[in-house]
Amino acid sequence: MQYLFLSCLKATELIEKKIYSKLSLKEQVQLTIHKAMCDACSNYEKDSLLIDKAIQKSITAADIKGVDLASFEKSVVDKLESKSK
């Protein structure tokens, strides 16, 4: 019975994995049981999906507008590095 229960840390890991790949049957069952008992992880999954959709939408919008994502990423990293100094 112990193998069915997950920590919140493991549950959030599976939630993120579920977005990008298919979970095994065991992982699906474990996550379902955990979310039935844990409102925080259920809310985390909803928020994670919302954030992922927003990111995908913004990437698509940037591609449509012809934004060079590589140069944008470099400028963000440079700004973050300059503020940390």
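Okay, so let's go over this structure. All of these numbers come straight from a predicted model, not from anything done at the bench.

### Looking at the nonpolar core
Right, so step 1: Among the nonpolar cores identified, the biggest contains eight residues, and these are Leu6, Ala11, Leu14, Ile15, Leu23, Leu31, Cys38 and Cys41.
Right, so step 2: Among all residues touching Cys41, those that are not within four sequence positions of it are Cys8, Ala11, Thr12, Ile15 and His34.

### Examining the packing of helix α1 (residues 8–20) against helix α2 (residues 25–37)
Right, so step 1: Remark: α1 packs on α2, axes separated minimally by 10 Å, with the N-to-C direction vectors making an angle of 120°. As judged from the angle between their axes, α1 and α2 are oblique. Here α1 runs over α2; the crossing is left-handed. Mapping the contact onto sequence places Cys8, Ala11, Leu14, Ile15, Lys17 and Lys18 in α1 and Glu27, Gln30, Leu31, His34 and Lys35 in α2.
Right, so step 2: Along the lines of polarity and charge, the residues of the contact of α1 with α2 split into five nonpolar, two polar and four charged.

### A word on the environment of Thr32
Right, so step 1: By secondary structure assignment, the location of Thr32 is in helix α2.
Right, so step 2: On the basis of relative accessible area, Thr32 is assigned to the exposed category, the value being 52%.
Right, so step 3: Here the alpha-carbon distance between Thr32 and Phe5, two residues 27 residues apart in the chain, equals 9.9 Å.

### Points about a nonpolar patch on the surface
Right, so step 1: A grouping of Ile51, Ile55, Ile59 and Leu69 is seen on the molecular surface, where their side chains present a nonpolar patch of about 320 Å² in accessible area.
Right, so step 2: It is helix α3 (residues 39–65) that provides the largest number of residues to the nonpolar patch, a total of three residues.
Right, so step 3: By the element assignment, Ile59 lies in helix α3.
Right, so step 4: Judged by relative accessible area, which is 34%, Ile59 ranks as partly exposed.

Cut-offs used in this document
Residues numbered from 1 in each chain as written. Predicted model: local features only at pLDDT ≥ 70, side-chain atom pairs only at ≥ 80, totals over all residues. Heavy atoms only, no water. Core = buried A, V, L, I, M, F, W, Y, C linked by side-chain atoms within 4.5 Å. Buried < 20%, exposed > 50% of the residue type's maximum accessible area, 1.4 Å probe, protein only. Contact = heavy atoms within 4.5 Å. Axes fitted to C-alpha atoms, helices over the stretch in contact; angles between N-to-C directions. Helix = DSSP H or I, 4+ residues; strand = E, 2+ residues; numbered from the N terminus. Parallel < 35°, antiparallel > 145°, perpendicular 65-115°, else oblique. Left-handed = near helix turned anticlockwise from the far one by under 90°. Nonpolar A, V, L, I, M, F, W, Y, C, P; charged D, E, K, R; others polar. Patch = residues over 30% accessible without salt bridge, like charges linked within 9 Å, V, L, I, M, F, W, Y side chains within 5 Å. Areas by Shrake-Rupley, 256 points an atom, 1.4 Å probe, with all protein chains shown as cover. Salt bridge = Lys/Arg side-chain N within 4 Å of Asp/Glu carboxyl O.

By themselves these figures say nothing about function.
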